[in-house]
Amino acid sequence: MQAPFGTGQANRESTDLAFTDPLTGLGNHRRFFDKVDRLISDRADDPAPFTVGILDLDGFKPINDLFGHKAGDDILIQVAMRLRASMDGHSTVCRIGADEFAFLYPLVFSEDAAAEKSRMLIEILSAPYDVGERTARLSASVGCSLFYSGDETTEILINKAETALYHAKRSGRGRVVVYTREMEEAAKRVTRIEQALRRAVSAGEVEPHFQPIVDLTTRRTIGFETLARWTDRDLGAVPPTVFIPIAEERGIIGPLSQLVLRKATEAARSWPKDLFLSFNLSPSQLVDQNTGLHILAILDRTGFDPRRLEIEITETGLMNDPASAAQIVEDLRRVGIRVSLDDFGTGQSSLGRLREFHFDKLKIDRAFVASILEDRPSEHIIRAILAMCEGLGMDVVAEGIEEEAQADRLVQFGCAGGQGYLFGKPADADATLGYLRDSFRGALRAKAI
Ligand code: C2E
Ligand code: MG
Ligand code: MG
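Residues numbered from 1 in each chain as written. Chains lettered and ligands numbered in written order. Predicted model: local features only at pLDDT ≥ 70, side-chain atom pairs only at ≥ 80, totals over all residues. Heavy atoms only, no water.

1. A word on the domain arrangement of the protein chain
Structurally, the protein chain comprises domain 1 (16–181) and domain 2 (204–448). Domain 1 and domain 2 are separated by 43 Å when their C-alpha centres are compared. (Domains from an automatic or database assignment.)

2. Re the coordination of the magnesium ion (ligand 3)
The magnesium ion (ligand 3) binds to the protein through Asp-342 (OD), Asp-343 (OD), Glu-399 (OE) and Glu-399 (OE), with metal-donor distances spanning 2.1 to 2.6 Å. Counting gaps between the donor residues of the magnesium ion (ligand 3) yields the pattern D-D-x55-E. Separating the magnesium ion (ligand 3) from the magnesium ion (ligand 2) is a distance of 3.7 Å, and Asp-342 supplies a donor atom to each of them. (Donors = N, O, S within 2.8 Å, 3.2 Å for Na, K, Ca; no water.)

3. Thoughts on helix 15 (residues 376–392)
Helix length check: helix 15, at 17 residues, gives a terminal C-alpha distance of 24 Å against a target of 24 Å (1.5 Å per residue), a fit within 8%. All of the buried residues along helix 15 are Ser-378, Glu-379, Ile-382, Ile-385, Leu-386 and Cys-389. All buried residues of helix 15 project into a common sector of 125 degrees when viewed along the axis, lining one side. Residues of helix 15 that are exposed and angled more than 90 degrees away from the buried face: Arg-376 and Gly-391. Where helix 15 terminates, the next one or two residues include Gly-393, which has phi positive at roughly 70 degrees. (Helix = DSSP H or I, 4+ residues; strand = E, 2+ residues; numbered from the N terminus. Expected span 1.5 Å × (residues − 1). Buried < 20%, exposed > 50% of the residue type's maximum accessible area, 1.4 Å probe, protein only. Arc of directions from axis to C-beta.)

4. Topic: the packing of aromatic side chains
For the structure on display, the rule yields seven aromatic pairs. Seen from their ring centres, Phe-103 and Tyr-105 are 5.1 Å apart, and the 50 degrees between their planes marks the pair as tilted. Within the aromatic cluster, the residues linked to one another by ring pairs are Phe-210, Phe-224, Trp-271 and Tyr-435. The ring of Tyr-129 has Arg-82 lying over it, and the distance from NZ or CZ to the ring centre is 3.8 Å. (Phe/Tyr/Trp six-rings, centres within 6.5 Å; stacked < 30°, edge-to-face > 60°. Lys NZ or Arg CZ within 6 Å of the ring centre and 35° of its normal.)

5. Some remarks on the pairing of strand 14 (residues 361–364)
Neither face of strand 14 is open: one carries Lys-361 and Lys-363, the other Leu-362 and Ile-364, and all of them are buried. Across three bridges, the pairing between strand 13 (residues 338–344) and strand 14 is parallel. What sits directly across from Phe-344, in strand 14, is Ile-364. Direction of pairing for strand 14 relative to strand 15 (residues 395–398): parallel, over a ladder of four bridges. (Pairing = 2+ DSSP bridges.)

6. Brief notes about the coordination of the magnesium ion (ligand 2)
Within the first shell, the magnesium ion (ligand 2) binds the protein through Glu-225 (OE), Asn-280 (OD1), Glu-312 (OE) and Asp-342 (OD), at distances of 2.0 to 2.3 Å. Spacing between the donor residues of the magnesium ion (ligand 2) along the chain follows E-x54-N-x31-E-x29-D.

7. Describing the packing of helix 2 (residues 29–42) against helix 6 (residues 154–170)
The relative placement of two packed helices comes down to the angle between their axes together with the axis-to-axis distance. Put simply, helix 2 and helix 6 touch, their axes get as near as 9 Å, and they point 120 degrees apart. Between helix 2 and helix 6, the angle is such that the two are oblique. As helix 2 packs across helix 6, the resulting crossing turns out to be right-handed. Together, Phe-32, Phe-33, Val-36, Asp-37 and Ile-40 of helix 2 and Thr-154, Leu-157 and Ile-158 of helix 6 make up the contact between the two elements. The class makeup of the residues in the contact of helix 2 with helix 6 is six nonpolar, one polar and one charged. (Axes fitted to C-alpha atoms, helices over the stretch in contact; angles between N-to-C directions. Parallel < 35°, antiparallel > 145°, perpendicular 65-115°, else oblique. Left-handed = near helix turned anticlockwise from the far one by under 90°. Contact = heavy atoms within 4.5 Å. Nonpolar A, V, L, I, M, F, W, Y, C, P; charged D, E, K, R; others polar.)

8. Structural notes on the site of ligand 1
The local shell around ligand 1 holds 22 residues, among which Arg-229, Asn-280, Ser-282, Glu-402 and Tyr-421 are the closest. In this structure, a nitrogen atom belonging to ligand 1 sits 3.0 Å away from a side-chain N or O atom of Gln-211. The separation between an oxygen atom of ligand 1 and a polar side-chain atom of Asp-343 is 3.0 Å. Protein chains shield 84% of the accessible area of ligand 1, which is 800 Å² for the free molecule. Cavity membership is defined here by more than half of the atoms lying within 2 Å of grid points; on that basis ligand 1 lies in the largest pocket. Counting only elements with at least two residues in the shell around ligand 1, the list comes to strand 9 (221–232), helix 8 (240–249) and strand 13. Examining the composition of the shell around ligand 1, we find that four residues originate from one element, strand 9, more than from any other. When its residues are assigned to classes, the shell around ligand 1 shows eight nonpolar, six polar and eight charged. (Near = heavy atom within 4 Å. Polar contact = N/O pair within 3.5 Å; in protein donor to acceptor, adjacent residues only side chain to side chain. Areas by Shrake-Rupley, 256 points an atom, 1.4 Å probe, with all protein chains shown as cover. 1 Å grid on protein atoms, 1.4 Å probe; cavity = no way out; pocket = protein on both sides within 12 Å on 5 of 7 lines; lining within 4 Å. Sits in = over half its atoms within 2 Å of the grid points.)

Structure follows, in structure tokens:
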């Protein structure tokens with residue numbers, strides 16, 4: 001952008017300042033947008049492709065916290081110097097956010113070349129940084145997009161690079177992702193699912209299914225886990241592994257969860273009184289202080305005894321905001337709701353968490369059970385978890401048991417509870433009642449069902 005009036009020294013300096021990042025001396029986000037705008041208009045008649053990319057430092061915040069802000073600034077300056085040194089005469093790098101840099105490669109016009117250049121940048125940034133007497137290491141993730149036609153604006157290109165960066169970050173550290181049409185298709189599909197799900201939730205069309213949890217030695221059913229099921233008239237059956245994350249990301253999880261819990265407790269009211277019902281809470285629900293109130297209000301309405309309810313949460317749910325999660329868990333426990341730690345052994349398992357939070361139960365992830373017969377490490381891990389639970393006074397359920405031999409081995413190790421296709425697949429409320437009629441004849445007849 002030209003200075004609007006004159007080209008005097010003072011004027012140029014103030015314009016430069018407005019376009020410069022004071023810490024690193026690189027251009028700022030305005031400079032970057034301006035550069036891309038200009039390149040797009042240069043290519044108006046001859047739209048040869050070019051590349052824009054956004055680079056985000058992985059885990060910069062902990063480094064800042066660990067070494068202090070001054071050291072954090074020094075590292076950012078070193079990052080900027082390395083990036084600038086790696087640009088050729090045509091290319092530009094700017095700092096567009098705290099730990100976000102953007103680059104423009106006018107002469108890089110294939111996805112492979114864009115990925116190659118980005119990997120080189122990550123490589124350059126991976127060498128150690130001097131921080132006083134110490135050294136620090138950093139990795140970075142990059143999202144790129146290519147300009148193909150004059151219809152694309154700077155904003156669209158940068159949004160696409162941001163989308164690619166989001167995918168890169170989601171898949172781990174130090175990754176490069178180049179924006180593709182499939183990503184656009186995937187984004188559209190997510191939006192379609194989101195819209196259909198909103199409608200289904202308000203129409204009350206998401207249903208609870210129930211999977212038995214058994215005492216492994218007697219094989220008696222001791223409770224059921226609630227698993228949400230949804231079949232859309234156009235999309236067909238959408239699995240919870242797809243619609244639950246979308247519900248979380250798009251803020252529908254609260255109403256969805258309330259609907260499923262209401263239906264589940266209504267169904268479970270007529271089961272034998274000694275059976276518990278467990279229910280999954282998503283990580284984002286543990287950041288929302290209303291979650292506890294909503295659950296209690298539903299139990300109140302449906303008349304379901306809170307002492308028969310268990311809430312399953314994962315470690316991810318505890319990590320985002322441990323204080324908020326602790327408060328919600330505390331509120332639930334006060335009325336007798338039990339809390340179990342789901343999918344234990346995957347993700348960010350931290351034993352420290354088991355000291356901070358008290359859980360009534362721990363569910364061993366299916367991944368360990370699946371390999372228990374072939375794999376010595378899995379066997380040792382399961383035995384260690386069982387010993388730990390015994391010491392901490394927690395109940396245990398092994399998930400995903402599909403074979404008799406797995407169940408036998410678990411019993412041999414002293415695991416009390418089990419769940420899996422071997423004992424029953426998730427089934428709807430009617431089928432579950434049928435199953436209970438068969439296995440609990442006496443108890444149900446006494447209730448005249
Ligand atoms: P989860 O809580 O760990 O639930 C257990 C999953 O393992 C269920 O998958 C269940 O169908 C499956 N499973 C059980 N036994 C076996 C087995 O023997 N073999 C195999 N291969 N799989 C088995 P599902 O129903 O697809 O649910 C997936 C995840 O979606 C759940 O994992 C839970 O995290 C989430 N989810 C389901 N319903 C809800 C809900 O109402 N609210 C929330 N927040 N999350 C839910
Ligand atoms: Mg669960
Ligand atoms: Mg689980």
